Amino acid sequence: MSSHRMSLAHAEVNTARMLEKMIDAAPDFDLIEIEGDAAFLSRQADEGDSDAAIAEILQAAASMHRAFHLERQYVAANLCPCAGCKGAADLKLKFVAHIGDVAIQTIRERIKLVGIDVILVHRLLKNPVGIPEYVLLSEELYRTGEESLPDPVHEVSPELEGFGTVHAYFVDVGDLDGSPPSLPAPSWPGRLGRTGAALGLGLPYMIGLRRTRRAASAQ
């Protein structure tokens, strides 16, 4: 049980580190919400300039992908044997993007986006894309500037609850940025330091001072 708690605690800490680096790599987008191990970001799409939306999204996805994998390599280099640390080496990153109309709600100084287009982008997370890392674009977004997408582009037609059959298009995110750069071989002092950081940051979760996002959302 103690080992399981440590794995959960370190998984929470490691996920937070990678999410933070990824979000920082997209400064032109606003963070709306952290949803488990996913981040929901948005930006204003100006009328008359929608054809630039795809290029900006692909550039942001490439930067976020690079930042995520660099941090993932740091996380995986620590010496902790728990599943939450060792499993970090297998983590992948996926993007779903859409353009549409939303309503903005402010609740206790927190901004939320609501509307049918918000529901659609969440439903698109359940899709039949067969590669581990990708950028999936809704048909509405794809039609604003399909010439901006690098080849090859693949089409999928998932059946979504409340929407029926929709069309979406995806590219391999690795084609946008190439292979993520490798870190130099980590030194022993560096690995020890990263191990200590994981242990220290995970301690509040271990002893119950903080709850993981999954546990908090279940209550």
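In the block above lies the structure referred to throughout.
Let us look at the structure shown here. (Residues numbered from 1 in each chain as written. Predicted model: local features only at pLDDT ≥ 70, side-chain atom pairs only at ≥ 80, totals over all residues. Heavy atoms only, no water.)

1. With respect to the pattern of salt bridges
Between side chains of opposite charge, a pair can form when the charged atoms approach closely. If you walk through the whole model with that rule in mind, you get five salt bridges. The salt bridge involving Arg-143 is made with Glu-139; its shortest N-O contact spans 3.3 Å. Residue classification places Arg-143 among the partly exposed residues on the basis of a relative accessible area of 45%. The partly exposed category is assigned to Glu-139, whose relative accessible area is 25%. Linking Arg-143 and Glu-146 is a salt bridge whose minimum nitrogen-to-oxygen distance equals 3.4 Å. The structure contains a network of salt bridges with shared partners spanning Glu-139, Arg-143 and Glu-146. (Salt bridge = Lys/Arg side-chain N within 4 Å of Asp/Glu carboxyl O. Buried < 20%, exposed > 50% of the residue type's maximum accessible area, 1.4 Å probe, protein only.)

2. With respect to the state of the cysteines
Summed over the entire model, instances satisfying the criterion amount to zero disulfides. Note on Cys-85: no disulfide assigned, nearest cysteine sulfur contributed by Cys-82 at a separation of 3.8 Å. By relative accessible area, which is 1% here, Cys-85 ends up buried. (Disulfide = S-S within 2.5 Å.)

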